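Analysis of the macromolecular model
Residue strings, one per chain:
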Amino acid sequence: MNAVEEKKTGSDATAIQRIVTYGRMIKFSHSIFALPFALSGAVLAGARTEITLQQVFWIVAAMVGARSAAMGFNRLVDRKIDADNPRTAVRELPRGAISPAAVRVFVGVSSAVLVFAAYQLNPLCFALSPAALGIVFFYSYTKRFTWATQFFLGLSLAVAPIGAWIAITGRLHPEILLLGGAVLSWVAGFDVIYACQDVAFDRRYGLYSIPQRFGIRRALLVARLLHTVSFGLMLAVGAVFELGVLYLGGVIVVGLLMVYENRLVRPADLSRLPVAFMNMNVMISAVYFLCTLGDVLLI
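Here is what the cut-offs are and how they apply
Residues numbered from 1 in each chain as written. Predicted model: local features only at pLDDT ≥ 70, side-chain atom pairs only at ≥ 80, totals over all residues. Heavy atoms only, no water. Helix = DSSP H or I, 4+ residues; strand = E, 2+ residues; numbered from the N terminus. Contact = heavy atoms within 4.5 Å. Patch = residues over 30% accessible without salt bridge, like charges linked within 9 Å, V, L, I, M, F, W, Y side chains within 5 Å. Areas by Shrake-Rupley, 256 points an atom, 1.4 Å probe, with all protein chains shown as cover. Salt bridge = Lys/Arg side-chain N within 4 Å of Asp/Glu carboxyl O. Buried < 20%, exposed > 50% of the residue type's maximum accessible area, 1.4 Å probe, protein only.

**Some details on the overall build of the protein**
- Regarding its fold elements, the protein presents 13 helices and zero strands.
- Secondary structure elements of the protein, listed N to C terminal, follow the sequence α-α-α-α-α-α-α-α-α-α-α-α-α.
- Considering only contacts within the protein whose residues lie at least 6 apart along the sequence, 74% involve residues at least 24 apart.

Now the structure itself:
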């Protein structure tokens, strides 16, 4: 290998490493939480009007842009907090793997991707894109002044299926708000569980969350209640959209997964929290989407 080839290989390796680093910073793998629900919103809309592959492409682009911007912004404004928390001190910004300036550029580019994708979809999506960014950015500040921060995270992800619906239909109809509510309560519930591991740090640092305000035992009860609400709203989606047995079976499976997720975590034992957070929620979103898609295709 000559010097030119070695330099090119080194440059390629560096580029790949940077992509991996940015992916870790925004936890790109967690995109599978929200994307299936966004696609579910598109599928439900597609059952009532024509849907094209081009629309699906721009919906995915908008989702990736929105979530990347949101996570990058969150890491940017929380970098000092993350540096003081032993659990998060190894994140890319606190340990210096990425500079704040680079993250600002990343957030700007990701935001532009969302806005451009929304422009490609329809005028209403384009008009609402700044509001969507405002919602996901605002969430990052809520832990500083309200214990309801988990609900704001839920709202941030609830806009995904609603936005996908608007992308296909060009209008906001009230029935899609049922799926938005299901996502809001599901996300808020699992984030309550996730926040239990930081109760001591939050109290010491002056941050707010449902576990910090009410204690771990009561917080886990709140998570169960929220997941019960989410399950009920998913059933309501099936009734309103006149979905069939496949959808109902999928929602029952989702409900059982939620039950198992909540049973994995105990007030005195949070050791299985990572499994409850990652594995169960990936399965929940995937099962819901696949059963929604399958049922709509069979109609």
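Next comes the rest of the account.
**Describing a nonpolar patch on the surface**
- A cluster of nonpolar side chains, contributed by Leu235, Leu248, Ile252 and Leu256, occupies part of the molecular surface with about 350 Å² of accessible area.
- It is helix H12 (residues 245–264) that provides the largest number of residues to the nonpolar patch, a total of three residues.
- Note that Leu256 resides in helix H12.

**Some points on the environment of Tyr119**
- Take Tyr119: it is sitting in helix H5 (residues 100–121).
- Assessed through its relative accessible area of 53%, Tyr119 is described here as exposed.
- A C-alpha to C-alpha distance of 8.7 Å links Tyr119 and Ser129, two positions 10 residues apart in sequence.

**Concerning the pattern of salt bridges**
- The final tally for this structure, using the stated rule, is six salt bridges.
- A salt bridge links Arg91 to Asp82, with the shortest nitrogen-to-oxygen separation between them at 3.3 Å.
- Here the salt bridges do not stand alone but share partners, grouping Asp78, Lys143 and Arg144 into one network.

Don't take any of this as a statement about function, it's just geometry.
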